[in-house]
Amino acid sequence: MYVVNHWFAPSRFALLSGALNAIGMFGTAIGAVVLTGIIEAAGWRNLSATVGVVLFFAAVFLLRDAEELAAETQPFLAPLKCVVREMRVW
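Rules used throughout
Residues numbered from 1 in each chain as written. Predicted model: local features only at pLDDT ≥ 70, side-chain atom pairs only at ≥ 80, totals over all residues. Heavy atoms only, no water. Patch = residues over 30% accessible without salt bridge, like charges linked within 9 Å, V, L, I, M, F, W, Y side chains within 5 Å. Areas by Shrake-Rupley, 256 points an atom, 1.4 Å probe, with all protein chains shown as cover. Salt bridge = Lys/Arg side-chain N within 4 Å of Asp/Glu carboxyl O. Helix = DSSP H or I, 4+ residues; strand = E, 2+ residues; numbered from the N terminus. Buried < 20%, exposed > 50% of the residue type's maximum accessible area, 1.4 Å probe, protein only. pLDDT = per-residue confidence, 0-100. Axes fitted to C-alpha atoms, helices over the stretch in contact; angles between N-to-C directions. Parallel < 35°, antiparallel > 145°, perpendicular 65-115°, else oblique. Contact = heavy atoms within 4.5 Å. Nonpolar A, V, L, I, M, F, W, Y, C, P; charged D, E, K, R; others polar.

**Q** Would you explain a nonpolar patch on the surface in this entry?
**A** A surface patch of nonpolar side chains, about 920 Å² in accessible area, is lined by Trp7, Phe8, Val53, Phe56, Phe57, Val60, Phe61, Leu62 and Leu63. Of the residues forming the nonpolar patch, the biggest block, 6 residues, is contributed by helix 3 (residues 44-62). Structurally, Leu63 can be placed in the loop between helix 3 and helix 4 (66-71). Given a relative accessible area of 42%, Leu63 falls into the partly exposed group.

**Q** Looking at this model, I keep getting lost on the confidence of the model for the protein chain. Mind explaining?
**A** Parts of the prediction with low pLDDT should not have their coordinates interpreted in detail. For the protein chain, the average pLDDT comes to 80, and 87% of its residues sit at 70 or higher. Per-element mean pLDDT across the protein chain ranges from 54 in helix 4 up to 87 in helix 3.

**Q** Looking at this model, I keep getting lost on the packing of helix 2 (residues 13-42) against helix 3. Mind explaining?
**A** Two quantities define a packed helix pair, namely the angle between the axes and the distance from one axis to the other. At a minimum axis separation of 7 Å, helix 2 and helix 3 run at an interaxial angle of 110°. The angle between the axes of helix 2 and helix 3 places the two elements in the roughly perpendicular class. Residues Leu35, Ile38, Ile39 and Ala42 of helix 2 form the contact with helix 3, whose own contacting residues are Trp44, Asn46 and Leu47. Partitioning the contact of helix 2 with helix 3 into residue classes produces 6 nonpolar, 1 polar and no charged.

Below, the structure is given as structure tokens:
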């Protein structure tokens, strides 16, 4: 959701967050069957380590907003105040 919020136009947020949710549910449905066989063949520790390393390198090389995050100087709970004050959230 962070990537959808920061990399795409605000008018596309609802569509892309829904697509992200649908892909996640599809992955859950497929994973229940396919992942069971893979875990039995490879072992859950080897599979978890491999997936973790792949996700780590994907995040390091594909996500490029590190400079923007480092430049933020607002307090930690400041975004929460904005959310609580927004009447559309309630």
